[in-house]
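Residues per chain, in single letters:
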Number of protein chains: 2
Amino acid sequence: MAKKNMSMFVACFVSSLVLNLFFIINLYVGEDSKLGLSWSKKAAADAEAVAAISCSGHGRAYLDGLVLNEKGFPVCECNSCYGGPDCSEFSPACAVNADGGDPYFLEPFWRQHAASSAVVVAGWHRMGYSYSDHTFISQELERHVRILHSIVGNAVTAGRYIVFGAGSTQLLNAAVNALSTDNSSMPAPIVASIPYYPVYKMQTDIFQSIIFKFEGDASLWKNSTSDATVNVIEFVTSPNNPDGQPNKAVLSGPNAKAIHDHAYYWPHFSPIPTPADEDVMVFTISKLTGHASTRFGWAIIKDKAVYERMIQYMNLNTFGVSRDSQLRALKLLKVVIEGGGREIFEFGYKTMRDRWQKLSETLSKSKRFSLQKIAPQYCSFFHEVRESSPAYAWVKCEREEDRDCNAVLQGANINGREGSMYSAEDRYVRLSLIRSQDDFDLLLQRLNKLMLGEEGAKPL
Amino acid sequence: MAKKNMSMFVACFVSSLVLNLFFIINLYVGEDSKLGLSWSKKAAADAEAVAAISCSGHGRAYLDGLVLNEKGFPVCECNSCYGGPDCSEFSPACAVNADGGDPYFLEPFWRQHAASSAVVVAGWHRMGYSYSDHTFISQELERHVRILHSIVGNAVTAGRYIVFGAGSTQLLNAAVNALSTDNSSMPAPIVASIPYYPVYKMQTDIFQSIIFKFEGDASLWKNSTSDATVNVIEFVTSPNNPDGQPNKAVLSGPNAKAIHDHAYYWPHFSPIPTPADEDVMVFTISKLTGHASTRFGWAIIKDKAVYERMIQYMNLNTFGVSRDSQLRALKLLKVVIEGGGREIFEFGYKTMRDRWQKLSETLSKSKRFSLQKIAPQYCSFFHEVRESSPAYAWVKCEREEDRDCNAVLQGANINGREGSMYSAEDRYVRLSLIRSQDDFDLLLQRLNKLMLGEEGAKPL
């Protein structure tokens, strides 16, 4: 019996040794193949090391950030008013940035979806100029853009052509160029309704074209669209930047052409009552996924001749959109589309709605400032009436003497963008609500302090 | 003694069990932390799975390729004349592509440097519009561009400004725009020496500008540069596309401005006698690293006012270059710069020189075709006299009746690009030598067969 026990004991010991041998071999030989990773491991480890750099929740380090410290790691890039090596130093006297349109409000969403949204680009990834169909447009990405619109219900794409651009920015002039008439008696007037996005004018002006010219306020051209020799081209931004209104074209007639800029027509910022179905529609991921820096947008075009002119423009301007941007946009859209888009749009709407409510409540404490009003609408994406959740506050200084509203806010350490940038009065100022939570919290804090001062100074 | 042996035995067994336990815990808990990888693993595994798809050495699958098969994997994209699901089917009757400038000749280099050239992009990587200095230009990348030029010795960058563009393409018009005079009596004439790259004309034409106009052959404007009211702007391509010649500006005088396109001024294609030091120089990674699809180029500018106009153009045209492209370009330039650049330039020169020698030898078998001659020069990068290794063959059909040289080659199943595309005679044809080894081998084979026919038809 003792001998039998001893044999079993030895057998167990041998088994244990064999198992250890297996583990040891596995450890030194099989690790790579077990994970299936070889050449990508170093890049993955580099990216994770940078992502792990602590910036105190008030910033982040990037792979391509400035390398200043002796370790060779990129430094933290801090939210405004935060500084120091790890963004932990708050500057109480610093002016809060409510100016820029950087869409950092979606950054937490992408951190929560780190595994599904990362992209690994091999060194030899797609080196040639074109895709397999000899175009500069990824068919896979175009397919995902169409799926996206059918899920969100914000644009008709069936039977429409799609052109890619470096953000919506590049597409704006591509569309202007395509809609302008060659050899006409005068350049096509380019117009927009006040208040309008300043890039429309600045971009149109810089090209100093024979065939188009920026002419400002659309309403002045209402009676001028019957001239059959020239198109009048209207930028229609809906929802509008800066004021979030669901704009419609003010010009009509056979020679009135419109470029519908739908950068903000996503459930984050606006109810989606019906799919847009205009002749020329422009979209961008900058305000959809928040990846402004990827520079990826698209236009949906009804007319083949307009589409072909836009494609030719894109090809000669830049040989199409960076294929690296297209690869990343594809990955991001896949995440957006997962689960019918509910996750990102619920996150986006909740964030924007919460910010809008807090801002409205704060500004309602005084009559010195007023906010734009946007009517609630039925949203076919969320299947319910949704209250407004705009990307920007379009604040009006109501006091007669507050003609420079931005200066008033600057007095309270808030940097907004003056109304005259949007061809409106400086009695208006645009405050960006799509930046980081730090920026919004600080904006709200400064506004609350300003309101308290108001309360003290004037009876409510 | 037996008891002591037994104790040691038990101790060994227990140790072995503890080791087993350690390995087992490690297997199920510690794997991620052991490699230091978490959120990037899935993306890395996806990229490696696609890279592992077998395309028989005649093609490659890409992460963003068409997904047609039931497994959901992207399909192989084959070199020209290869097909089938794994690119193993050769089509003997197919015309070889010697037309396009896709720089696949460097693909094997990047496959050999897979670990150092891969990039992992986190979902939240750099979402805002600008870098930490509020520009659209990565300081880290600009620093690497300057290091690159100092290593290669092909351009002076000290005290110069740098502008980024979507390839050199976007920079060409940015430079034209910046060098043109506002409010002048006539549009600035844009000229180039024949044979010239067709995009100069096509791009200049599409913008239909008030301030510049493409006027063709530079030599016709030699006596027109004394008019003090307007600049004449000359594109100088050096080495030239299509013929590889080290061109100089033909115009001079106070109103002659030049845009030096140095896309091919790298040791792959040309000896580097001295650093270029012109007022406006344009470079691109398309022909340096071979990443045409990344759309990344840069201009080196002497004059601050010209630089500022170009920056303004880039900002309003596209809000700068895709930050994803800049991230990838940074990684690629780091690999190029490693070891002083010798590895990639030796690979590139060896490949191009080998192709040129084989092509020259083949075409020398008959007098029906002639090739451009490029004088050897001392190369300060390789520290020796280097023979020519141009990107393209500029082939001339010498027989009186062969007025359409491309048609002659098409008869032998070779697709080149006709001379008239470069504003030259169709007696010339451009053959691309920078494509995949498959394309080059097939081109050579077809040319050899054509030469054999020549031998049979005519006494040598």
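Residues numbered from 1 in each chain as written. Chains lettered and ligands numbered in written order. Predicted model: local features only at pLDDT ≥ 70, side-chain atom pairs only at ≥ 80, totals over all residues. Heavy atoms only, no water.

1. Remarks on the overall build of chain A
- The secondary structure content of chain A amounts to 12 helices and 20 strands.
- Projected onto its principal axes, the C-alpha coordinates of chain A cover approximately 110 × 65 × 50 Å.
- Residues classed as buried in chain A amount to 58% of the 460 residues present.
- Of the contacts formed within chain A by residues at least 6 apart in sequence, a portion of 70% connects residues at least 24 apart.
- Carbon and sulfur atoms form 55% of the exposed surface of chain A, whose accessible area is close to 18100 Å².
- One way to put it: in chain A the 46 positive side-chain charges average out to a point 5 Å from where the 49 negative ones average out. (Helix = DSSP H or I, 4+ residues; strand = E, 2+ residues; numbered from the N terminus. Buried < 20%, exposed > 50% of the residue type's maximum accessible area, 1.4 Å probe, protein only. Contact = heavy atoms within 4.5 Å. Areas by Shrake-Rupley, 256 points an atom, 1.4 Å probe, with all protein chains shown as cover. Lys, Arg positive; Asp, Glu negative; His and termini not counted. Charge placed at Lys NZ, Arg CZ, Asp CG, Glu CD.)

2. Description of the packing of aromatic side chains
- Evaluated as defined, the whole model comprises 51 aromatic pairs over all chains.
- Their ring planes at 10° and their centres at 5.1 Å tell us that Trp-394 of chain A and Tyr-428 of chain A sit as a pair that is stacked. Taken together, the positions of Trp-394 of chain A in strand E17 (residues 392-397) and Tyr-428 of chain A in strand E20 (residues 428-432) put the pair 34 residues apart, joining distant regions of the chain.
- Since its relative accessible area comes to 6%, Trp-394 of chain A is described here as buried.
- With a centroid separation of 5.7 Å and 70° between ring planes, the pair formed by Tyr-129 of chain B and Phe-319 of chain B is classed as edge-to-face. (Phe/Tyr/Trp six-rings, centres within 6.5 Å; stacked < 30°, edge-to-face > 60°.)

3. Quick notes on the domain arrangement of chain A
- Entries for chain A in the domain assignment read domain 1 (41-94), domain 2 (139-339) and domain 3 (342-457).
- Relative placement of domain 1 of chain A and domain 2 of chain A: their C-alpha centres are 36 Å apart. (Domains from an automatic or database assignment.)

4. Structural notes on the relation of the copies chain A and chain B
- Laying chain A over chain B is done by rotating through 180° and shifting 0.0 Å along the axis; what remains is an RMSD of 0.1 Å. The superposition of one copy onto the other is thereby described by a two-fold rotation axis.
- Mapped onto chain B, 100% of the interface residues of chain A again fall at the interface, so both copies present the same surface. (Least-squares fit on C-alpha atoms with pLDDT ≥ 70 in both.)

5. Points about the side chain of Asn-406 of chain B
- Tracing the sequence through the fold places Asn-406 of chain B in helix H11 (residues 405-410).
- Contacts of Asn-406 of chain B, omitting those with residues within four sequence positions, involve Ile-414, Asn-415, Gly-416, Arg-417, Glu-418, Asp-426 and Val-429 of chain B.

6. Observations regarding the sheet that holds strand E19 (residues 417-418) of chain B
Residue and element names in this part refer to chain B.
- Taken together, the four strands give an open sheet; going across it, the order is E14-E17-E20-E19, and neighbouring strands pair in antiparallel fashion. Looking at the sheet topology across the chains shown, the edges are occupied by strand E14 (369-370) and E19.
- Pairing of E14 with strand E17 (residues 392-397), which is carried by two bridges, proceeds in the antiparallel orientation. Across the sheet, residue Phe-369 finds its bridge partner in E17, namely Cys-397. (Pairing = 2+ DSSP bridges.)

7. Examining helix H8 (residues 304-318) of chain A
Residues and elements named next belong to chain A.
- Its 15 residues give H8 an end-to-end C-alpha distance of 21 Å, which sits within 8% of 21 Å, the value for a rise of 1.5 Å per residue.
- For H8, the set of buried residues is Val-306, Met-310, Ile-311, Tyr-313, Met-314, Leu-316, Asn-317 and Thr-318.
- Sitting at the head of H8, Asp-303 places a side-chain oxygen 3.2 Å from the backbone nitrogen of Ala-305.
- Directly after H8, the chain includes Phe-319, whose backbone phi takes a positive value near 55°. (Expected span 1.5 Å × (residues − 1). Polar contact = N/O pair within 3.5 Å; in protein donor to acceptor, adjacent residues only side chain to side chain.)

8. Description of the packing of helix H9 (residues 323-337) of chain A against helix H9 (residues 323-337) of chain B
- Where H9 of chain A meets H9 of chain B, the axes come as close as 8 Å, and the angle between the chain directions of the two elements is 115°. Taken together, the axes of H9 of chain A and H9 of chain B lie roughly perpendicular to each other. Note on packing geometry: the crossing formed by H9 of chain A with H9 of chain B is right-handed. When H9 of chain A is examined against H9 of chain B, the residues Asp-324, Ser-325 and Arg-328 of chain A are found in contact with a partner set consisting of Asp-324, Ser-325 and Arg-328 of chain B. (Axes fitted to C-alpha atoms, helices over the stretch in contact; angles between N-to-C directions. Parallel < 35°, antiparallel > 145°, perpendicular 65-115°, else oblique. Left-handed = near helix turned anticlockwise from the far one by under 90°.)

9. Quick look at the sheet that holds strand E14 (residues 369-370) of chain A
Residues and elements named next belong to chain A.
- Taken in spatial order, the four strands make up an open sheet running E14-E17-E20-E19, and their pairing is antiparallel. The open sheet has two edge strands with one neighbour each: E14 and strand E19 (417-418).
- Both E19 and E20 contribute to a ladder of two bridges, which runs antiparallel. Residue pairing in the sheet places Glu-418 in a bridge with Val-429 of E20.

10. As for the confidence of the model for chain A
All names here are of chain A.
- Confidence in the prediction for chain A averages 93 pLDDT; 91% of positions are at 70 or higher.
- Note on residues 29-33: pLDDT under 50 across the span, and seven contacts to partners over four residues away in sequence or across chains.
- Low pLDDT, under 50, characterises residues 456-460; the predicted model gives this stretch four contacts beyond four residues in sequence or across chains. (pLDDT = per-residue confidence, 0-100.)

11. A few points about the interface of chain A and chain B
- Each side of the interface is counted separately: chain A has 107 residues, and chain B has 107 residues.
- Taken as a group, Asp-64, Trp-124 and Met-127 of chain A account for 9% of the area that chain A buries against chain B, more than any other trio of residues on that side.
- Between the two partners, chain A and chain B, sit eight salt bridges.
- The leading source of residues in the side of chain A that touches chain B is helix H1 (residues 2-35) of chain A, at 15 residues. (Buried area = accessible area lost by both parts, 1.4 Å probe. Salt bridge = Lys/Arg side-chain N within 4 Å of Asp/Glu carboxyl O.)

12. Details of unusual backbone geometry
- A cis amide bond links Ile-194 of chain A to the next residue, Pro-195 of chain A, at an omega of 0°.
- Tracing the backbone through its elements, the reader meets Pro-195 of chain A in the loop between strand E8 (188-192) and helix H7 (199-206).
- Residues Asn-241 of chain B and Pro-242 of chain B are joined by a peptide bond in cis, for which omega reads 25°.
- As for its position among the elements, Pro-242 of chain B is in the loop between strand E10 (232-237) and strand E11 (256-261).
- One non-glycine residue, Cys-81 of chain A, lies in the positive phi region at around 75°.
- Of note, Cys-81 of chain A is situated in the loop between strand E2 (76-78) and strand E3 (82-83).

13. Quick notes on the pattern of salt bridges
Residues and elements named next belong to chain A.
- Enumeration over the complete set of coordinates arrives at 46 salt bridges over all chains.
- Lys-358 is the partner of Asp-354 in a salt bridge, and the nearest nitrogen-oxygen pair spans 3.1 Å. Here Lys-358 and Asp-354 lie together in helix H10 (residues 342-363), a separation of four residues that amounts to about one turn.
- Using a relative accessible area of 35% as the deciding quantity, one classes Lys-358 as partly exposed.
- One salt-bridge network, in which partners are shared between bridges, spans Arg-160, Asp-277, Asp-279 and Lys-302.

14. Some points on the state of the cysteines
- For the coordinates displayed, the defined rule picks out eight disulfides over all chains.
- Covalently, Cys-55 of chain A is tied to Cys-76 of chain A through a disulfide, its sulfur atoms 2.1 Å apart. In this structure the cystine formed by Cys-55 of chain A and Cys-76 of chain A twists about its S-S bond by roughly -90°; its chirality is therefore left-handed. Of this pair, Cys-55 of chain A sits in the loop between helix H2 (41-51) and strand E1 (59-61) while Cys-76 of chain A sits in strand E2, and the two are 21 residues apart along the sequence. Take Cys-55 of chain A and Cys-76 of chain A: they sit in the same class, and that class is buried.
- A sulfur-sulfur separation of 2.2 Å characterises the disulfide bridge that pairs Cys-397 of chain B with Cys-405 of chain B. As the torsion about the S-S bond is roughly 75°, the Cys-397 of chain B-Cys-405 of chain B disulfide counts as right-handed. Exposure class is identical for Cys-397 of chain B and Cys-405 of chain B. Each is buried.
- If you count the bonded cysteines of chain A from the N-terminus, they pair up as 1-2, 3-5, 4-6, 7-8. (Disulfide = S-S within 2.5 Å.)

15. What about the pairing of E8 of chain A?
Residue and element names in this part refer to chain A.
- Among the five residues in E8, five count as buried, and that is most of the element.
- The side-chain alternation of E8 yields two buried faces, one formed by Ala-188, Ile-190 and Ala-192 and the other by Pro-189 and Val-191.
- With five bridges joining them, E8 and strand E9 (residues 212-217) adopt parallel strand pairing. Bridge pairing in E9 links Ala-188 to Phe-212.
- A crossover links E8 with its parallel partner E9, the connecting element being H7, and its sense is right-handed.
- In the sheet, E8 pairs with strand E10 (residues 232-237) via three bridges, with the strands oriented parallel. Bridged to Val-191 within E10 is Glu-234. (Right-handed = clockwise from strand over helix to strand, strands pointing away.)

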